[in-house]
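# Per-entry structural report
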Amino acid sequence: MAEERLQKILAACGLGSRRACEGLIFAGRVSVNGEVVVAPGTKAAAGVDRITVDGKEVRPQQHVYIMLNKPADCLCAARDHRGRKTVMDYVCDAPVRVFHVGRLDYDTEGLLLFTNDGAFSQRVTHPRHKVFKTYRAVVRGVPDEETLDRLRAGIELDDGPTAPAVLRLIGTTTAKVRRVKKKNRPPEEIDASDIEIKIREGRKRQVKRMLRAVGHPVISLRRTAIGSLELGSLPCGQWMQLTKSEAESALKNE
Ligand code: URA
């Protein structure tokens, strides 16, 4: 059996990303054949060497892929020190321990992947792979074609210019919003638009910052697809298991 880096084996055992597993090693929580290992780059043979974390033996797992329709008002984190709901509360009945692939904001809904396959997670999130993430945004006002063209070409944000995006105005609508400083007043009805936006990057709050920068702040945001993997009609708050080939459609733009 070929030897591999310990963090790679631990990630294959479902203990988190390779970086998170490096943290376990540096913290002195990992032993190989009874000896605590902290040296970076240590190798071991999965299935031959006895590897333990906090004294418990770990073994490589079958890879599992899960798609959740994330509700708004839940955090993409393992736990929250303020006691808010996290995405882990929705997948606690998954067959094995999984971790979320990338993040959505607290108030963003929609497609969120989970897996115990660290390599897959890296491929989906790394900008090098240029996978399109598709969002539906309800925004204030009605952007004209010139504004949509600016967004399509890429606009300047405080962390640099955005890459070209694909945008489509789906329709106009109305939305009820509350003024920040007048929370006790009834919500007011404003003109709004329903927009589809596809971006290849995954910068923090990117869609919201792009739309705010052109004067159309986001009222609500939902991710509907990653690559050619679509959320479809999965109800909000529910998860479903995907086959490996279904999950891999998240790596392809058709
Ligand atoms: N862009 C955002 O602004 N928020 C998200 O949650 C995802 C993409």
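What you are looking at is a predicted structure, and each value in this text was computed from that prediction instead of being measured. (Residues numbered from 1 in each chain as written. Predicted model: local features only at pLDDT ≥ 70, side-chain atom pairs only at ≥ 80, totals over all residues. Heavy atoms only, no water.)

### Topic: the overall build of the protein chain
A tally of helices and strands in the protein chain yields 6 helices and 17 strands. The contacts in the protein chain between residues at least 6 apart in sequence include a share of 66% that link residues at least 24 apart. Of the roughly 14,300 Å² that the protein chain leaves accessible, carbon and sulfur atoms contribute 47%. Of the charged side chains in the protein chain, 44 are positive and 32 negative; the average position of the first set lies 4 Å away from that of the second. (Helix = DSSP H or I, 4+ residues; strand = E, 2+ residues; numbered from the N terminus. Contact = heavy atoms within 4.5 Å. Areas by Shrake-Rupley, 256 points an atom, 1.4 Å probe, with all protein chains shown as cover. Lys, Arg positive; Asp, Glu negative; His and termini not counted. Charge placed at Lys NZ, Arg CZ, Asp CG, Glu CD.)

### Observations concerning the packing of aromatic side chains
Tallied over the full model, the rule gives 1 aromatic pair. With a centroid separation of 5.0 Å and an interplanar angle of 75°, the aromatic rings of Tyr 65 and Phe 120 are classed as edge-to-face. You can see Tyr 65 sitting in strand S7 (residues 65-70) and its partner Phe 120 sitting in helix H3 (residues 118-125), a full 55 residues away along the chain. For the pair formed by Tyr 65 and Phe 120, the shared burial category is buried. The lysine or arginine in question, Arg 84, covers the ring of Tyr 106, its NZ or CZ lying 4.9 Å from the ring centre. (Phe/Tyr/Trp six-rings, centres within 6.5 Å; stacked < 30°, edge-to-face > 60°. Buried < 20%, exposed > 50% of the residue type's maximum accessible area, 1.4 Å probe, protein only. Lys NZ or Arg CZ within 6 Å of the ring centre and 35° of its normal.)

### Side note on the site of the ligand
In the vicinity of the ligand, the residues found are Leu 104, Asp 105, Thr 108, Tyr 135, Arg 205, Gln 206, Val 207, Lys 208 and Leu 221. Here an oxygen atom of the ligand sits 3.4 Å away from a polar atom, N or O, in the main chain of Gln 206. Between the ligand and Lys 208 there is a distance of 3.0 Å, counted from an oxygen atom to a backbone nitrogen or oxygen. Isolated, the ligand exposes 230 Å² of accessible area, and the fraction of that covered by the protein chains is 95%. (Near = heavy atom within 4 Å. Polar contact = N/O pair within 3.5 Å; in protein donor to acceptor, adjacent residues only side chain to side chain.)

### Description of the sheet that holds strand S3 (residues 35-36)
Strand order in the open sheet formed by 4 strands is S3-S2-S5-S6, with antiparallel pairing between adjacent strands. The sheet is open, and its two borders are formed by S3 and strand S6 (56-57), each paired with just one other strand. (Pairing = 2+ DSSP bridges.)

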